[in-house]
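Structural description and commentary
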Amino acid sequence: MSVIGIDFGNESCYVAVAKAGGIETIANDYSLRATPSCVAFAGRNRVLGVAAKNQQVTNMNNTIGGFKRLLGRKFNDPHVQAELRKAPYRAEQRPDGGIGIRVNYQDEECVFSPEQITAMLFTKLKDDAAKELKTQINDCVITVPSFFTNAERQALLDAAGISGLNVLRLVNETTATALSYGFYKQDLPAPEEKSRNVIFVDCGHSSLQVSACAFHKGKLKMLASCADQVGGRDFDYALAEHFSNEFQTKYKIDPRTNKRAYLRLLTEVEKLKKQMSANSTKLPLNIECFMNEIDVHGTMQRPEMEQMCAGLLQRIEATMKKLLADSKLALEDIHSVEIVGGGSRVPSIKLLIEQIFGKTASTTLNQDEAVSRGAALQCAILSPAVRVREFACSDVQAFPVLISWEDSTQRNEMKVFEQYHTAPFSRLLTVHRREPLTINVHYEPNSVPYPDPFIGSFHIKDIKPNANGDPQEVKIKVRINQNGIVLVSSATMVEKRESEEPVTPPATAANGDQPPTPNSPQGEDAPKTGEPMDIQEDKKKKVTTKNIDLTIEGKTHGFVSTELTNYHELEMKMIANDRQEKERVDAKNALEEFVYEVRGKIQEDGELSAYIEQDDASKICLQLEDTENWLYEDGENCEKAVYKDRLAGLRQQVDPIKGRADEYQGHEQAFTELGRTVQLTFKAVEQYRAKDPKYDHLTETEILNISEAAQKAQKWYEEARSKLVAVKKTQDPPVKVADIRHENQTLSTCMNSVLNRPKPKPPTPPADTAKDGAPQANANGDQAKEQDQQQTDAAPKDLEDKMDVE
């Protein structure tokens, strides 16, 4: 099981995984780390990621991009209308007021919600991660912009649920960036010391997020976060607008009237923007056959771009200044300013950072992958499947939250969470009620970049007065959960009951006398022993408390469970259809490749032309031509089995020809190997006859056996060669390669069993000993001395031989 972090961006996504060696960013099936946030529908299947982006210009009506900014919103939302005006695909209003994206899928008109489109992209990211890691993907952490509201966060969770991902947490992109920065820092201050304050500027494709974070060893705390809906694409739109006006004047064409041309222009100006970030000279823009077969040309320099984008830079400057004010940090309290996101590479943004924060922009983080790496770290910390050092993250609630309720006399309202309140967090509220209560939760008006501040309406049931008809105490828990979603999580009614119980009288003495108390009368006023006493029994009230969990019916954003189930089942069907369609297309391509391959080989001068009769070759070529025509006409959309059957029929005719060619082409090498084995056998026999010492352990019978085997193999070799001389290559050979190799194997086994038999070791003569156990001297003392000397001289040589062997 692996845990992954997903950086879901408006333009592209990154997936990182936590491994034993650290955090690694996963490459997709195109060996790219960035997967475009694009989903396309082409014919009978879906195209996701890089492939979808590559065919956007040719299939723009069915290619969906930029859908992150549509999550959780209504069709009539002004923000949505602004987005859709720039989108090349078709969108419409759904019956519930949501957004419906209309595409052509499997030759039918289908309408999908932005949540379903997002789920399709998540399915792709999940599959890429599973292929790369070769294991099942289950747990994940997904990043969201810090300015996302309840509706948008819930929509993202719904999309993940449709795709089958288990989201451990939605983490703000600003927090993920801070975690990626601080987790590996070894020099962070101790908890009792002054914190290290770092500013993070994240300028992405469609938004700017600026945050302040305080670091201590083993933990981080977000201080503030400000955002604006301005990003790299807004610079692209400004450049595209400029060149559209220029082309309208110079070439009398307006790219804004042609969606395909405008898409091409956006692609080119994005490249130009990136070049200007690294180069201050005048740079060209050239697009061939742009519109009406007209080639267009233009130039631009960095100062011109900064001038036309002055309004965007002012918005970026205002966001940074607001962050500085909200965080209440002095310039001398800021340790550094880290930048991430593709848009932060613009030099004018770096200059603004230096002017506002008094620090040079630092690029220690990977500007593209920092967010995904932080998400993977957070997932590793939360998941039980991975052991990792603990690092505490304290986030903030970006917007102030209010609750309201009505009683018989008035409407009550109170603020439960201030802006930048710690999250996750729970607040317990106590009210006294006689009847059910409805709590309305909403953001403070005009505080969110969302037209409707509504969060949810929570109806608390089963509230009733006590036995005396008085209101009962109700405790309501309002919570910001780990995903940044605000909700009423629980409600409890505290029921108090009073009951009377007797007070136990004091115990009597052993003789029945009442023991005196400190205030009891003494002497004459004291009662006499044995006289009866009138004891009055006191009763006191006992209060018992019982907590009763109340039922909450919530009405908030997101799909209900039945809708989620239906969407999940539909996604599974589409995944199965994609798999079947891929297998069908692969079968079709295999048939097409076979047609082209075989036709080239059996034609004149082809590899197989010498092994087939001309008439047979013409017949097969005719069948191949018919198959090719069928593929592009009636066979365009057939099932996989039809293509496989066609391929099997062609193989039945072509495979014998290929087999025949393989036989003839393999004969020479097989005969060469057999001839070499025969020659080696005869050479060994000659060496034996020449009294070669290495064969002196063999017997005459063994040598005769291998000699006869070699002669037999040589005779078979000559007869096989003669059989092949008179045979045409268009006929099946009478001698197979397997037969030659079998003969070679038989002779090799016979030869090796004899020639490789090891020599027997000579017996070691026993040493002569005297009766007392001492060595016995030879009759010739000089001879014994000479033998000892020979043994002494031989010892070093034996040792050296053993060392060589070792």
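Residues numbered from 1 in each chain as written. Predicted model: local features only at pLDDT ≥ 70, side-chain atom pairs only at ≥ 80, totals over all residues. Heavy atoms only, no water.

**Thoughts on the environment of Cys140**
Residue placement: Cys140 occurs in strand β11 (residues 137–144). Along the sequence, Cys140 and Val167 sit 27 residues apart, while their C-alpha atoms lie 5.1 Å from each other. In contact with Cys140, not counting residues within four places along its chain, are Ile4, Leu165, Asn166, Val167, Leu168, Arg169 and Cys379. (Helix = DSSP H or I, 4+ residues; strand = E, 2+ residues; numbered from the N terminus. Contact = heavy atoms within 4.5 Å.)

**Brief notes about the packing of helix α9 (residues 310–327) against helix α10 (residues 347–357)**
Axis separation between α9 and α10 bottoms out at 10 Å; the angle between their running directions is 30°. Between α9 and α10 lies a crossing whose hand is right-handed. For the pair α9 and α10, contact is made by Leu313, Ile316, Glu317, Met320, Lys321, Leu323 and Leu324 and by Ser348, Ile349, Leu352, Ile353, Ile356 and Phe357, respectively. When grouped by side-chain class, the residues that make up the contact of α9 with α10 number ten nonpolar, one polar and two charged. (Axes fitted to C-alpha atoms, helices over the stretch in contact; angles between N-to-C directions. Left-handed = near helix turned anticlockwise from the far one by under 90°. Nonpolar A, V, L, I, M, F, W, Y, C, P; charged D, E, K, R; others polar.)

**Topic: the pattern of salt bridges**
A complete count under the given rule lists 43 salt bridges for this structure. Close ionic contact of Lys68 with Glu173 constitutes a salt bridge, the shortest N to O distance being 3.0 Å. Highlighted residues: Lys68 in the loop between β7 (63–65) and α2 (78–86) and Glu173 in helix α5 (residues 173–182), separated in sequence by 105 residues. When sorted by exposure, Lys68 lands in the same class as Glu173, which is buried. (Salt bridge = Lys/Arg side-chain N within 4 Å of Asp/Glu carboxyl O. Buried < 20%, exposed > 50% of the residue type's maximum accessible area, 1.4 Å probe, protein only.)

**With respect to the side chain of Gln56**
Mapped onto the elements, Gln56 comes out in the loop between α1 (50–54) and β7. Setting aside chain neighbours within four positions, we find Gln56 in contact with Thr63 and Leu263.

**Structural notes on the packing of helix α14 (residues 640–689) against helix α15 (residues 700–725)**
Remark: α14 packs on α15, axes separated minimally by 10 Å, with the N-to-C direction vectors making an angle of 150°. The orientation of α14 relative to α15 falls into the category roughly antiparallel. Relative to α15, the crossing made by α14 is left-handed. Residues of the contact of α14 with α15, tallied by class, amount to 15 nonpolar, six polar and four charged. (Parallel < 35°, antiparallel > 145°, perpendicular 65-115°, else oblique.)

**Description of the sheet that holds strand β10 (residues 108–112)**
The three strands are arranged β8-β9-β10 in an open sheet whose pairing can be described as antiparallel. The open sheet terminates on both sides in strands that have one partner only, identified here as β8 (90–93) and β10. For this sheet, the mean angle separating the axes of adjacent strands, direction not counted, is 35°. Here five bridges tie strand β9 (residues 99–105) to β10, and the two strands are oriented antiparallel to one another. Counterpart to Ile101 in the pairing with β10 is Phe112. (Pairing = 2+ DSSP bridges.)

**Notes on the confidence of the model for the protein chain**
For the protein chain, the mean per-residue pLDDT works out to 87, and 89% of the residues sit at or above 70. This stretch, residues 508–535, has a pLDDT under 50; its non-local contacts, to residues over four places away or in other chains, come to eleven contacts. Low confidence marks residues 769–806, where pLDDT is under 50. Its contacts with residues over four positions away, or in another chain, come to seven contacts. (pLDDT = per-residue confidence, 0-100.)

**A word on unusual backbone geometry**
Omega for the bond connecting Ala423 with Pro424 falls within 30 degrees of zero, at -5°, which places this linkage in the cis form. In this fold, Pro424 is placed in the loop between β23 (421–423) and β24 (425–433). Positive phi values are uncommon outside glycine, yet Glu293 reaches one of about 60°. Looking at the secondary structure, you find Glu293 in the loop between β16 (283–291) and β17 (294–300). For Glu293, a relative accessible area of 73% corresponds to the exposed category. Phi at Lys691 takes a positive value of approximately 65°, unusual for a residue other than glycine. Within the secondary structure, Lys691 sits in the loop between α14 and α15.

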